Amino acid sequence: MNVLCSKLIQESDRYIDENHETFSELGRRFFETFCYDKRNSRINTQIRNLQQIVCSATRFADIEDFVKNQMGKERGNEKRWKTLGDDVLAGLEQLRQESQNLDTDPANQMALRLRLARGWVRAVVSEYLYRVARDQMGDAA
Amino acid sequence: MTCVDFLSDTTYRRQAAEQLNRLLDDIGKCPVKRSQIYGLRQIARQQPNSVDKFASHQCERAKRKQEGAAEGAAVGLQAEIDFWTLVISLSGDFSHAGDSSHDWSVCKEGLDHLPGDLQNIPPRQGNMTHEERTHRNKLCERRQKWLNQWNNEHIPAFFERFCTHYLYRRGMAENS
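Residues numbered from 1 in each chain as written. Chains lettered and ligands numbered in written order. Predicted model: local features only at pLDDT ≥ 70, side-chain atom pairs only at ≥ 80, totals over all residues.

### What to know about the packing of helix H2 (residues 11-27) of chain B against helix H5 (residues 71-91) of chain B
Residue and element names in this part refer to chain B. Going by this rule: Every angle, taken between N-to-C directions, lies between 0 and 180 degrees, and every axis is a line fitted to C-alpha atoms, over only the stretch in contact when it is a helix. Put simply, DSSP H or I for four residues or longer makes a helix, DSSP E for two residues or longer makes a strand, and each gets a number counted from the N terminus. These descriptions rest on fixed angle ranges, namely under 35 degrees for roughly parallel, over 145 for roughly antiparallel, 65 to 115 for roughly perpendicular, and the rest for oblique. Note: crossing handedness is left-handed where the near helix turns anticlockwise from the far helix by less than a right angle, and right-handed where it turns clockwise. We call two residues in contact when the distance between their C-beta atoms, placed using the backbone, is within 7 Å. All residues other than Ala, Val, Leu, Ile, Met, Phe, Trp, Tyr, Cys, Pro, Asp, Glu, Lys and Arg, Gly among them, are scored as polar; the first ten of these are nonpolar and the last four charged.
For the pair H2 and H5, the least separation of the axes is 11 Å and the interaxial angle reads 165°. Our classification of the angle between H2 and H5 gives roughly antiparallel. Considering only the axes of H2 and H5, their crossing is right-handed. Residues Gln19, Leu23 and Ile27 of H2 form the contact with H5, whose own contacting residues are Ala79, Asp82, Phe83, Leu86 and Leu90. Considered class by class, the residues forming the contact of H2 with H5 number six nonpolar, one polar and one charged.

### Description of H5 of chain B
Residues and elements named next belong to chain B. Short version of the rule: Take the number of residues in a helix, subtract one, and multiply by 1.5 Å to get its expected span. Working definition of burial: number of other C-beta atoms within 10 Å of the residue's own, with buried at 20 or more, exposed at 12 or fewer, and partly exposed in between, all C-beta atoms being placed from the backbone.
With 21 residues, H5 extends 30 Å from end C-alpha to end C-alpha; this agrees with the ideal 30 Å at 1.5 Å per step. Listed as buried for H5 are Glu80, Ile81, Phe83, Trp84, Val87, Ile88, Ser89, Leu90 and Ser91. Next to the buried residues of H5 lie H2, helix H3 (34-46), helix H4 (51-67), helix H7 (106-112) and helix H8 (130-175).

### Looking at the packing of helix H4 (residues 60-72) of chain A against helix H5 (residues 78-102) of chain A
Residue and element names in this part refer to chain A. Between H4 and H5, whose axes approach to 8 Å, the crossing angle comes to 160°. Relative to H5, the element H4 is oriented roughly antiparallel. Considering how the two elements wind past one another, H4 and H5 form a crossing that is left-handed. Here Phe60, Ile63, Glu64, Val67, Gln70 and Met71 of H4 lie close against H5, whose contacting residues are Glu78, Trp81, Lys82, Gly85, Val88, Leu89, Leu92 and Arg96. By residue class, the composition of the contact of H4 with H5 is eight nonpolar, two polar and four charged.

### Quick look at the interface of chain A and chain B
Across the boundary between the two partners, chain A contributes 17 residues, which contact 17 residues of chain B. Elements with a contribution of two residues or more to the side of chain A that touches chain B: H4, H5 and helix H6 (106-140) of chain A. Broken down by element, the residue count for the side of chain A that touches chain B peaks at seven residues, all from H4 of chain A. The residue inventory of the side of chain A that touches chain B, partitioned by class, reads six nonpolar, four polar and seven charged.

### A closer look at the confidence of the model for chain B
We apply this condition: Residue-level confidence of the predictor, termed pLDDT, takes values from 0 up to 100.
For chain B, per-residue confidence averages 90 on the pLDDT scale, and residues scoring 70 or more make up 94% of the total. In the model output, the complex is listed with pTM 0.91 alongside ipTM 0.91.

### Observations concerning unusual backbone geometry
All names here are of chain A. Backbone geometry at Cys35 places phi at a positive 50°, although glycine is not the residue there. A positive phi is found at Ser41, a non-glycine position, where the angle reads about 55°. Turning to its location among the elements, Ser41 is positioned in the loop between strand E1 (36-37) and strand E2 (42-43). What makes Ser41 exposed here is the crowd of 12 C-beta atoms within 10 Å.

### Observations concerning the environment of Gln52 of chain A
All names here are of chain A. Examined against the element boundaries, Gln52 turns out to sit in helix H3 (residues 45-56). Of the residues examined, Gln52 has 13 C-beta atoms within 10 Å and is grouped as partly exposed. Distance in space between the C-alpha atoms of Gln52 and Ile63 is 9.8 Å, their sequence separation being 11 residues.

So, in structure tokens, the structure goes:
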């Protein structure tokens, strides 16, 4: 994996900060679409799977493929993925575009894409978990 | 970053989507079953050099079915034949890479990445000295090894993108 210079790290972090609201909005939609297991207080496994693939992927396209695979399934969570999958793919495409705006070197672009995706998923999952917690507090009250 | 990582993340992703979208938009449906795509993906992962044979077999099977089929079914089978023909052209062996009717294939991408000394190997000539012949044979051998290695790494990477995009398109078509 290419090591990014501090300037590119700062610029990618700034992009993540500036777009936090947009990413959080997607987290809210993940909550509305996938919800969670209220009886056992377990979060939806699809959220963990998404987070896992984003954090472990060495190729950004593997993240896009995860979403496409979920949307293309015959059974399971495919209906829920189909309601917001294209918006997730559009969001990922924007990250891809931003990596090209930030640098022209292909190796840096690959590393930037993955860095942006990890910032993106942190914001999405945090919002989802926050919604879960609020829902549980509402239930307890 | 390796060459296969980079191409898989850029060129293969783009080509898989473009080639499939062009075909599927043209024929207006997704002609092959999920199970056939799972088979294609498995072959690409485990026996990358056999993808074109697998696709040829599927194509021949569809052609045989088409011969005795009613008109409506024959149209559906033609779409299946077109799909497998695309797979053959995208994966075909290097001997056909130069005259493929498609403008891009994994093989052609490999030929573009050949190391300089393996690109223009002089043709065999009767008046070559023993040393020249030996040198040429060694270059040919190295070229073949290099191309086989390319296939082993790049066919699985490309067809991962290709199969996933097909499943995505099929899922979306079922939704509409």
